[in-house]
Structure formats: C-alpha cells, structure tokens
Amino acid sequence: MTAIRVFVPQDAAALAVGAGRVVSAIRAEALARGCEIEIVRNGSRGMFWLEPLVEVELPQGRVGYGPVAASDVPGLFDAGFLQGGSHPLAKGIVADLPWLTCQQRLTFARCGITAPLSLDDYRAHGGLVGLTAALQMDPAAIVEEVTKSGLRGRGGAGFPTGIKWRTAAAAPAEQRYIVCNADEGDSGTFADRMIMEGDPYLLIEGMAIAGLAVNATKGFVYIRSEYPHAFKTFSEAIRIAEEAGILGGDVLGSGRAFHLEARLGAGAYICGEETSLLESLEGKRGTVRKKPPLPAIEGLFGKPTIINNLLSLAAVPTILAMGSAFYQEFGIGRSRGTMPIQLAGNVAHGGLIERAFGLTLGDIVEGLGGGTRTGRPIRAVQVGGPLGAYWPTHLFDTPFEYEAFAAKGGMIGHGGIVVFDDSVDLAKQARFAMEFCAIESCGKCTPCRVGSTRGVEVLDRIIAGEDVVNQITLLQDLTELMRDGSLCALGGLTPMPVLSALTHFPEDFDRAPLAQAAE
Ligand SMILES: Cc1cc2nc3c(=O)[nH]c(=O)nc-3n(C[C@H](O)[C@H](O)[C@H](O)COP(=O)(O)O)c2cc1C
Ligand code: SF4
C-alpha cells in the first residue's frame, strides 16, 4: 500500500490557528486506525479563512478540508477524508476554488503547492530555469531584461528595478552587495513572509540573478524580528542551496560566486527604510541616512548596493525564465506584471491574491474579500500600510495601480489592504497614524520627531471637541510642514492617512463639545 499524501501548512498563519495540533491529531489517528499516510508540511495557499487547510492528494487532484481543528480530525477519518469523502468541512478540489482560479500567480505559483525546502519539488515546478538562463547571459543583458519587463519596486515607492540595477552595475567598485528588504513592517502585509516560509528558493534564485546582473558576490536578507518561522525556514533553505551548489563559490557549476546570509532585524518600523536598514545591517542603530548618495552608488559598508523588496527580487526568476515580454504583458499603464495583494482587517476572506495590476479596489475588497467579517457595511479601507490613505467606498472604482492611486491621493505601497466596517472612527484612526509616526520616528529630523508629537496633541483636542475649526487649520499646516520638510517618507507620508481621513470622512472630525455632551 502506498502512503496517501496529506498536506498541512507549516506557514506561521496556519500555525497560529492550530496547524501544529492538527498534524499531531492526524498522525495519532492514522496510527490508531492503521492508515498509511505521509504528511507534507507545505506553505499556505493564502486562503487564511480556511486555515488550517488540510489537503489530501488523490488521482483527481488535491481535495481540501478547512478550517480544520484538532477536534475535527476523528470525524474526518470517519468520513473517509483520505479518499476524499464528504464532510461539512470539505471544499472540493483546492486548485478549482474560485479564489485561486481567478488569480494570475507568477510569484506565488508554487506557494502552498510544494514542500518549501524540497529542491526536487522546486525544480519539478519550474524552479531554477531563470537562474540557468541568466548564467548564459551577459550581466548587461540581464539588467536589460529586467528593465524591459517594466518591473517596479514592490516595497512601496515603485521605482523601476532595472534602473536601480543599472546604477549599481555602473558604479565602479571591487565589491557590490545585494540586500533583500524583508522587514515587511506594513500593517496587513504578509506576502514576504509567505514566500520565505512557502517558497524560499524563489528568493534565493532572484537574489543570485541580481548578483550575476551587477557582479555582486554577496547578499543579505534582512528579515523582521517578528518572523522567527520565516527566519528558520529561510536559513535552512540557504544551507540546503549551498550544499546543492546553487549558492556559494560556484553557482550551478558556472564558476561564478554568490554567497547569501539571513539576518534578523532590529524590530523597528524605520529599519524597513532602506538607509536605516543598511545602518542596522552594519550593526548600528537604525537611523536614516541622507540621500544622495543613493545606496546603489554608496550603500552597505560604503559599496554599491542593490536594495530591493523581497517581492521585487522574487519576480525576477519569472522574468528571466519567461522573458520580459511575457511579464510586461500583465498589467496596465506603467504598472506592469502582477502584484501580490494582501487582504486583512475586518474582511470575510482575508489572504493573498496575486493579480495583474488593474482590477478595481472594489473588485478586491467586495468581490474577492467578500465584504466585512462582521457582516456590517464597509466604511473605509486603508491601502499601503500605516502611511497609506484611507479610502471611502465611493472611490472603489479606482484601478489598483501606481498612477491611479497616486492621482487620488493614495498609494498602493506593498499591496496591503486593511478593511474597516461602519463602526470605525476615522478621527481616531488619524490620531493613530500620528501616534505611530511619533513612536516609530528615528528622531533625526525635527518635522517628524517634534511634528508628530504636536500632531497627536492637536488631534486629541479635535477628538475632545476643543476649538475644532482652528485645530483643523493647525493640523493642515502641520501636516504640510511634515510632508515638505521631513528627511524620509515616514514623516513625509504621515500626512497621507491623516489628511485622507479628514478629506473623505469630515463628519468624524466634526466634534463640537455640545454634540458630545448630548451623546
Ligand atoms: C518608514 C519606511 C518603512 C519602509 N519599510 C519597508 C519595508 O518594510 N519593506 C520594504 O521593502 N520597503 C520598505 N520601505 C521602502 C524602502 O525604503 C525601499 O524603498 C525599498 O526597500 C526598495 O525596494 P524596491 O525598489 O524593491 O521597492 C520603507 C520606507 C520607509 C520610508
Ligand atoms: S522623517 Fe522621521 S524617521 Fe525619517 S529621518 Fe526624519 S525623524 Fe527619522
């Protein structure tokens, strides 16, 4: 009898809702009933409302059950789930679920399907094709391919990746570095983590290609300290890749070297800002460096450094494997390729969606997200992390892409969307944004360090209904100063959530003391 393969994710989100207990229960039950099974710990498919999602491999495909609790396990065995038996938690063939069939997964093509640390699985599902292709190319041709693909940085600013690489390649130096920004500090984001835990060789491949492109022999991955599982899985993936000759002194037998190290971050939001991150990597306190010089010219230890978000680097193997023309056919306008969108907050179907740029915000939160989890109407969504704008429902027809979002005073950032129902108080959310800036400020410049603290006080007076009209004028003045005078985007972008809340939800700021007293 051959063992039946049962998949239970080892992704941190699945573990948080009991995947570890489910595995123990399945093992114990199978032993007691004499069923021969092989448990595979895969990554998550990104349907978090179904986690822990248990899948059974059958001739017709992988049949899913979820969300499974340890207490459900005996019932699943009674229902014959190892043969795909029917059960209230049965979801059918997982690959056929509408959430997955409507996606265009390039970066996340393998996530949740393969065993994350199996190189055989990685190769069998198209892994290393991009790196193998890159090894046949001139460095300048690799840079050209990435430039032509239209890939823009997925970490927030949307800067063209190929141009950054070209700058680093052209900077004269003996030593260059590739740094992956996996600090992922934005609220409601988890895509970087999912790749490190669910498909780590993809990032390794992308970084090795970047190394070849700019002649860098050393890379670092800066992983946020709140991601212990990602750090463990990714460190193990580096070890295996070194042993297999994918990393090290002789990448895939090419004679080219690329060494990689994973580093745990310092636990501050500002360490996601690229120059702060470099300071932190050098062992110093994470404070912002002034630019210029750009890190591409003078970065880590003063050497030319490519610093890219994890998702930017993880898009590169597909571009090299399939060609820039293939990649740039996805998307609209100047937003090319696909974007991993992360849906979180008060939403019925939270999780990871990868789609070409261009579907509307409403399609995402109401269509794919299925509205709020509480069942109350959506009132606002915040897009792009704690510095992103709050969007009212009447702007839900905005296409999800860089320029369309900027035109309406927002940004897509790292693709995180946090949903709020009609019980949200946008004045309190604006205060939260200011307080976030005050707490996370690196302190290097006055508009951010002092401005955010004064901003919290002004918002407190507004919320208390004190002198509201004058305080709102003061708030506008203060945010203008923060936007124009801050050294980095932490202070510079804090006005975005604050002013979007004020502009789109003015009724929440209309707090006359009398009205409050009457409540
Ligand atoms: C306060 C602040 C926090 C940031 N946090 C992150 C982060 O967590 N991850 C990230 O990739 N970029 C973050 N960024 C953007 C980086 O500074 C930088 O633009 C990015 O890593 C460049 O990579 P990309 O071109 O691939 O987007 C942050 C920026 C600021 C101002
Ligand atoms: S804006 Fe804030 S975080 Fe950025 S450099 Fe100034 S003080 Fe530091």
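Above: the structure in question.
Before we move on, can you summarise the pairing of strand β9 (residues 305–309) with the specific residues and values?
Counting buried residues in β9 gives 5 out of 5 residues, a clear majority hidden from the surface. Burial of the side chains of β9 extends over both faces: T305, I307 and N309 are buried on one face and I306 and N308 on the other. As judged from the 5 bridges shared by strand β6 (residues 177–182) and β9, these two strands associate in the parallel manner. Across the sheet, residue C180 finds its bridge partner in β9, namely N308.

Which residues make up the sheet that holds strand β3 (residues 54–58), and what values do they have?
If you trace the 5 strands from one edge of the open sheet to the other, you get β2-β1-β3-β4-β5, paired in mixed fashion. Each edge of the open sheet carries a strand with a single partner, namely β2 (37–40) and β5 (90–93). Along the sheet, successive strands turn relative to each other by an average axial angle of 25°, direction set aside. Strand direction decides the pairing type here: β3 and strand β4 (residues 61–65), joined by 5 bridges, are antiparallel. The residue bridging E57 from the neighbouring strand is R62, located in β4. Here helix α2 (residues 19–33) sits on the sheet and contacts β1 (4–7), β2 and β3; the angle it forms with β2, its principal contact strand, is near 170°.

So what's going on with the site of ligand 1? Which residues, and what values?
What surrounds ligand 1 is a group of 19 residues, the closest being G155, K164, N308, N309 and S312. Separating an oxygen atom of ligand 1 from a backbone N or O atom of G155 is a distance of 2.8 Å. In this structure, an oxygen atom belonging to ligand 1 sits 3.1 Å away from a main-chain N or O atom of E184. For ligand 1, whose unbound accessible area comes to 610 Å², protein coverage reaches 90%. Counting only elements with at least two residues in the shell around ligand 1, the list comes to β9 and α20 (489–493). Broken down by element, the residue count for the shell around ligand 1 peaks at 3 residues, all from β9.

Account for the side chain of T479, with residues named and values stated.
Mapped onto the elements, T479 comes out in helix α19 (residues 468–485). Of note is the side chain of T479, whose polar atom sits 2.9 Å from the backbone oxygen of L475. In contact with T479, not counting residues within four places along its chain, are M434, P495, V498 and L499.

Cut-offs and rules
Numbers given to residues run from 1 along each chain, matching the order in which its sequence is written. To read the labels, note that chains go from A and ligands from 1, taken in the order they are written. Confidence filtering applies because this is a predicted model: local features only for residues at pLDDT of at least 70, side-chain atom pairs given and counted only at 80 or more, and all residues used for totals across whole chains, interfaces and linings. Processing note: side-chain calculations cover all non-hydrogen atoms of the structure and skip hydrogens and water entirely. Exposure classes here rest on a 1.4 Å probe applied to the protein chains alone. A residue is buried below 20% of its type maximum, exposed above 50%, and partly exposed in between. A run of H or I in DSSP counts as a helix once it spans at least four residues, and a run of E counts as a strand once it spans at least two, with each numbered from the N terminus. Pairing between strands requires that DSSP locate at least two bridges from one strand to the other. All axes here are fitted lines through C-alpha atoms, helices being fitted over the stretch that makes contact, and every angle between N-to-C directions spans 0 to 180 degrees. Any two residues having at least one pair of non-hydrogen atoms within 4.5 Å are treated as being in contact. We call a residue near a given molecule or strand whenever any one of its heavy atoms falls within 4 Å of it. Polar contact criterion, stated in full: a pair of N or O atoms within 3.5 Å, where within protein one must be able to donate a hydrogen and the other to accept it, and residues adjacent in sequence count only if both atoms are side-chain atoms. Here the open area of atoms and residues is found with the Shrake-Rupley method and a 1.4 Å probe, where only the protein chains shown may cover a residue.

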